Amino acid sequence: MTVSPNDQHKTESSGVLNLLDDLIAKARAAGADAADAVLFDSASVSLAHRLGKTEKLERSESGDLGLRVFVGKRQAIVSSTDRSGKALDELVERAIAMARVVPEDGFAGIADPEQLSRSWPDLDICDDEEPSAETLIERARIAEEAALAVQGVTNSEGGDAGWSRSTIAIAASNGFAGTYGVSRQSLSASVLAGTGTGMERDYDYDSKVYGADLRDPAEIGREAGERAVRRLNPRRVKSCKVPVFFDPRVSRGLLGHLTGAISGPSIARGTSFLKDRMGQQIFASSITIVDDPHVKRGLRSRPFDAEGVEVSRRTLIEDGVLTTWLLDLRSARQLGLTTTGHAARGTSGPPGPAPANVYMAAGKRSRADMLAEIKDGFYVTDLMGMGVNGVTGDYSRGAGGFWIENGQITYPVNEITIAGNLKDMFLNMEAADDLELRFGMDAPTVRIDGMTIAGM
């Protein structure tokens, strides 16, 4: 009898949920007042292809589960890769023993039944078909050959292709039980242009739930090669204060700084530069930023959060105004609020807030129109270092890119630092109309006036 992928997935889901239900029942019988458990089963393939030869082809499989138990207001978390009955009995025994001796946490606990997700949409975030090794090799080969064919490219760091699939299951003593699968396919190329000490490196890549949705391998390779060549013969510039443009491949990092600053634990600890800004305008009035866990085939989509709580689309920034924090149950209780369904977790630690698919809405003007106004400015394509202070908002990072003269992107620039403060940067931000939803955290080209360039 042939078993369809859907039937096989349903059987696997039922099996892992039964395992977690049994584990929770054992914990309750051993003295836990409440418990939850999470399980991850994963498989992945990674391939590296360089200068016409396959250098690496690896496959890995892993399985891990974590149990969290509560004895009163005390909690403990243990994890294991061994699912035998004896190992799970020992897991429960260790967890209960730990929970009885750790300090109380007045904010810890699982969700109330009325907070739980009872149904969820089909997000189409798992492709059950694993690509063959030959398919991955061919993608990487085409990408690298296209990059090497670009005039000026002199060497290659290779083409990389990959696939992964994971099953995620969550169950709790409050009655929640849910499972879903996620998959990823990726392709990248990285090459060098020029010779000697004048060599420059660049790359391009793509990642999707389904391999069929990946960009053309030749396009990825060609873009990697052309980017590397454009970086040749960079110049230094003098220190100044000018408008700075962030290319989409780096502008999305600004969203990461925002989501970190509005994460519940940072707000509860008072360690965020936005801790007192709820309901206030923190971005230019033209900026809207959305978090949407229900994007079809979204790389960060999820049907429910890691505490079994219902998830929904939220506008984080509306017309420049901060509208919400990112909360899990614990941080919500600390702040006297209700969870926003942003909990994420692994098997060996407690849940913590994390965004889903975050994007900055497209602006009304084209990048060309925004550039046309600039006499002197800097267009950023690469950022280095981690010089961002989440407490003060101070921002200082190494950068590379291109100088803007009289509305045109001109010569390459490197070895400079761009600096400002995120509070000012957000307020002086304008988004172009070139948004593409590609990576689960996306922004269009962004212009920020008045940033400091530290050069020669």
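Residues numbered from 1 in each chain as written. Predicted model: local features only at pLDDT ≥ 70, side-chain atom pairs only at ≥ 80, totals over all residues. Heavy atoms only, no water.

(A) Structural view of unusual backbone geometry. A positive phi is found at Asn-233, a non-glycine position, where the angle reads about 55°. Among the structural elements, Asn-233 can be located in the loop between helix H4 (217-230) and strand S7 (240-246). In this structure, Arg-297 takes a positive phi of about 60° despite not being glycine. According to the relative accessible area criterion, Arg-297 is partly exposed, its value standing at 34%. (Helix = DSSP H or I, 4+ residues; strand = E, 2+ residues; numbered from the N terminus. Buried < 20%, exposed > 50% of the residue type's maximum accessible area, 1.4 Å probe, protein only.)

(B) Highlighting the pairing of strand S1 (residues 34-50). Sheet topology places S1 next to strand S2 (residues 53-71); 17 bridges connect them, and they run antiparallel. Looking across to S2, one finds that Val-38 is bridged to Gly-66. As consecutive antiparallel partners, S1 and S2 are separated by two residues, and within that stretch Leu-51 has a phi angle of approximately 50°, a positive value. Note that S1 and strand S4 (residues 153-172) share 14 bridges and pair antiparallel. The partner of Ala-48 across the bridge, within S4, is Asp-160. (Pairing = 2+ DSSP bridges.)

(C) Quick look at the confidence of the model for the protein chain. Considering every residue of the protein chain, the mean pLDDT works out to 94; 97% of them sit at 70 or more. Segment residues 1-8 is flagged for pLDDT under 50; beyond a separation of four residues in sequence, or across chains, it makes three contacts in the model. (pLDDT = per-residue confidence, 0-100. Contact = heavy atoms within 4.5 Å.)

(D) Seen up close, the sheet that holds strand S10 (residues 321-322). In spatial order, the strands read S10-S9-S8-S13-S18; together these five strands make up an open sheet with mixed pairing. Each end of this open sheet is capped by a strand with a single partner; those strands are S10 and strand S18 (441-442). Here three bridges tie strand S8 (residues 289-292) to strand S9 (residues 314-318), and the two strands are oriented antiparallel to one another. In the strand pairing of S9, Val-290 is matched with Thr-315.

(E) Quick look at the side chain of Asn-174. Along the chain, Asn-174 falls in the loop between S4 and strand S5 (177-193). A polar side-chain atom of Asn-174 sits 2.9 Å from the main-chain carbonyl oxygen of Ala-111. Among residues more than four places away in sequence, those in contact with Asn-174 are Ile-110, Ala-111, Pro-113 and Leu-116. (Polar contact = N/O pair within 3.5 Å; in protein donor to acceptor, adjacent residues only side chain to side chain.)

(F) Structural view of the nonpolar core. With 48 residues, the main nonpolar core has Phe-246, Ile-289, Phe-378 and Ile-418 as its most contacted residues. In terms of residues, this core owes the most to one element, helix H5 (residues 248-261), which gives five residues. Excluding residues that lie within four positions of it along the chain, Phe-246 makes contacts with Ser-251, Leu-254, Val-380, Leu-383, Tyr-395, Ile-418, Met-425, Pro-444, Thr-445, Val-446, Ile-448 and Met-451. Of all hydrophobic cores here, the second largest spans 24 residues; its members include Leu-20, Ala-95, Ile-96 and Ala-99. (Core = buried A, V, L, I, M, F, W, Y, C linked by side-chain atoms within 4.5 Å.)

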